[in-house]
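# Per-entry structural report
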Amino acid sequence: MRVFRGLPNAASRAPCALAIGNFDGVHLGHQTLLAHLRAAADRLGLESAVMTFEPHPRAFFARLAGDVSKAPTRIANLRDNLSSLQNAGVDRVIVEHFNQHFASLSPEEFIRQILVEGLHVKWLMVGEDFCFGARRAGNTDTLKEAGQRYGFEVSVLPAVKNGDIRISSSAVRAALAAGDFSHASDLLGHSYRISGHVIHGQKLGRTIGFPTLNLRIAHQRPAVSGIFVVQVHGLSDQPLPGVASLGVRPTVEDNGRVLLETHVFDYSGHAYGKVVQIEFLQKLRDEEKYHDLETLTAAIENDASQARAYFRDQARIPASSATDRI
């Protein structure tokens, strides 16, 4: 799969079947759309392409308005979204930088400059509520009319449901905010995970008996925050049990940087630079600020005890510890 930051150059603008969307989390609704995209590309002998946006358009407008609280929380980082798109059989992804210039394009300018001239679209699929262009003036009817003029087919995907619930990124965000990882998994089609390179941290954890794997979270509003029971993929043939904190570390920092810190039970191997996946299993509590390290350490000890009890109760590891697996 090829990834382009902005429109491809002229040599890479082969005619394509295209899907447009934010694809945050690539949930089952997205996966249904992508399956239609792949089938159409195969039927028409085209490359399959996806156009997505960084930052999320709503996040851009929230910052413009000076109220970042109106920005949607982020389900997945770009790495994980791209991995999911690749798994769905997408040939190329256009990550369009959403800025003032892009936001000001009229629907006709978007169709002509982006879809027709920029991507040579021959088949297009969007969701039924898709709107585009300045002031969201364009919709699916606009696209269908333009398709007749410019020679591309437009297909609109109706809402995909799980029972009576419409599958959407908003529904996934709500499930994650509530700590309902089972429901989030039903909507995503897989367990909720965050991946990344293990980076060096302050190494405070090792001084208090809880060394951690640190993953930087690029976005400031992750869909989950707090303390969690997790298991870690990428360090061993089998996932390893642990406890994780995702947040801004208020007891030891005040810079607002978001970090995912994971203490892997009874693990002492080398991890720096490795790509790992942290799978979220259960939320234990919200992030808190403690007045000293002694209180923080006691809280971490309690979190670790609860996490170990979770694994014993779920029969995920032997009752003793994870040591037997390492």
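Heads up: the structure comes first, above all this text.
Procedures and definitions
- Residues numbered from 1 in each chain as written.
- Predicted model: local features only at pLDDT ≥ 70, side-chain atom pairs only at ≥ 80, totals over all residues.
- Heavy atoms only, no water.
- Helix = DSSP H or I, 4+ residues; strand = E, 2+ residues; numbered from the N terminus.
- Contact = heavy atoms within 4.5 Å.
- Phe/Tyr/Trp six-rings, centres within 6.5 Å; stacked < 30°, edge-to-face > 60°.
- Buried < 20%, exposed > 50% of the residue type's maximum accessible area, 1.4 Å probe, protein only.
- Lys NZ or Arg CZ within 6 Å of the ring centre and 35° of its normal.
- Pairing = 2+ DSSP bridges.
- Axes fitted to C-alpha atoms, helices over the stretch in contact; angles between N-to-C directions.

What follows concerns the environment of Arg58. Its place among the elements puts Arg58 in helix 2 (residues 57–64). Separated by 126 residues in the primary sequence, Arg58 and Ala184 place their C-alpha atoms 22 Å from one another. Arg58 has contacts with Lys70, Ala71, Pro72 and Arg173, leaving out every residue within four places of it along the chain.

This brings us to the packing of aromatic side chains. For the structure on display, the rule yields 15 aromatic pairs. The interplanar angle of 70° and the centroid separation of 5.2 Å between the aromatic rings of Phe60 and Phe61 together place this pair among those described as edge-to-face. A residue is classified by how much of its surface remains accessible, and Phe60, at 13% relative accessible area, is buried. Residue classification places Phe61 among the partly exposed positions, given a relative accessible area of 41%. Sitting over the face of the ring of Phe265, Arg308 holds its NZ or CZ atom 4.2 Å from the ring centroid.

Strand order in the open sheet formed by 6 strands is 1-4-3-2-5-6, with parallel pairing between adjacent strands. Edge strands, defined here as strands with exactly one partner in the open sheet, are strand 1 (2–5) and strand 6 (153–157). If you compare each strand with its neighbour and ignore which way they point, the axes differ by 20° on average. This element, helix 3 (residues 78–87), spans strand 1, strand 3 (47–54) and strand 4 (92–97) of the sheet and lies at about 150° to strand 4.

Remember that the coordinates give geometry; whether it matters functionally is a separate question.
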